[in-house]
Amino acid sequence: MAFTPLHDRVLVRRVESDEKTKGGLIIPDSAKEKPAEGEIVAVGAGLRDEDGDRIKLDVKEGDRILFGKWSGTEVTIDGQELLIMKESDILGIIG
């Protein structure tokens, strides 16, 4: 992939939710919400502090994350639907 996020931004691939509930009911596509869980595909270099030094991000490629329902901007890169968001939009790392 020829895309690198800038500064404190990350590129995220949504992780699809299950097709069935725990009770075995099948959820139709029209009733599904977009998942708020994803995998980080790429990360930016980080912001700079007052001295010009880079502030490293707390997440890295491959991390599974949770993010807010309305977080990020949807983009299509190399035929994949992805999200670009700031690190501050990430609620936490899973696992």
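Before going into details, it helps to say that this report is about the structure given with it. (Residues numbered from 1 in each chain as written. Predicted model: local features only at pLDDT ≥ 70, side-chain atom pairs only at ≥ 80, totals over all residues. Heavy atoms only, no water.)

### Overview of the overall build of the protein chain
For the protein chain, the count of helices and strands is zero helices and eight strands. N-terminal to C-terminal, the α/β element order of the protein chain is β-β-β-β-β-β-β-β. Going through the 95 residues of the protein chain one by one, you find that 28% of them count as buried. Residue pairs at least 24 apart in sequence account for 63% of intrachain contacts in the protein chain once pairs closer than 6 positions are excluded. (Helix = DSSP H or I, 4+ residues; strand = E, 2+ residues; numbered from the N terminus. Buried < 20%, exposed > 50% of the residue type's maximum accessible area, 1.4 Å probe, protein only. Contact = heavy atoms within 4.5 Å.)

### Side note on the sheet that holds strand β5 (residues 64–67)
Spatially, the six strands line up as an open sheet ordered β6-β7-β1-β2-β5-β8, and their pairing is antiparallel. The two strands at the open ends of the sheet, each matched to only one other strand, are β6 (73–77) and β8 (90–94). Taken over all neighbouring pairs, the strand axes of this sheet differ in orientation by 45° on average, direction set aside. Here β5 pairs with β8 via four bridges, running antiparallel. (Pairing = 2+ DSSP bridges. Axes fitted to C-alpha atoms, helices over the stretch in contact; angles between N-to-C directions.)

### Considering the environment of F67
Within the secondary structure, F67 sits in strand β5. Under the relative-accessibility criterion, F67 is labelled buried at 2%. Remark: the alpha-carbon pair of F67 and L91, spanning 24 residues in sequence, is separated by 5.0 Å.

### A closer look at the nonpolar core
One finds V10, V12, I40, L57, V59, I65, F67, L83, M85 and I90 forming the largest nonpolar core, which totals ten residues. If you list the elements that add at least two residues to this core, you get β1 (9–14), β5 and β7 (80–86). When sequence neighbours within four positions are dropped, the list of residues in contact with L83 reads V10, L11, V12, R14, F67, S71, G72, T73 and E74. (Core = buried A, V, L, I, M, F, W, Y, C linked by side-chain atoms within 4.5 Å.)

### Observations concerning a nonpolar patch on the surface
Residues L66, L91 and I94 make up a contiguous nonpolar surface patch of about 280 Å² in total accessible area. Tracing the sequence through the fold places I94 in strand β8. (Patch = residues over 30% accessible without salt bridge, like charges linked within 9 Å, V, L, I, M, F, W, Y side chains within 5 Å. Areas by Shrake-Rupley, 256 points an atom, 1.4 Å probe, with all protein chains shown as cover. Salt bridge = Lys/Arg side-chain N within 4 Å of Asp/Glu carboxyl O.)

### Re the environment of A42
Counting through the fold element by element, A42 comes out in strand β2 (residues 37–43). Expressed as a C-alpha distance, the spacing of A42 and P5, which sit 37 residues apart in the sequence, is 6.9 Å. With sequence-adjacent residues up to four places away left out, A42 is seen in contact with F3, P5, V10, L11 and E61.

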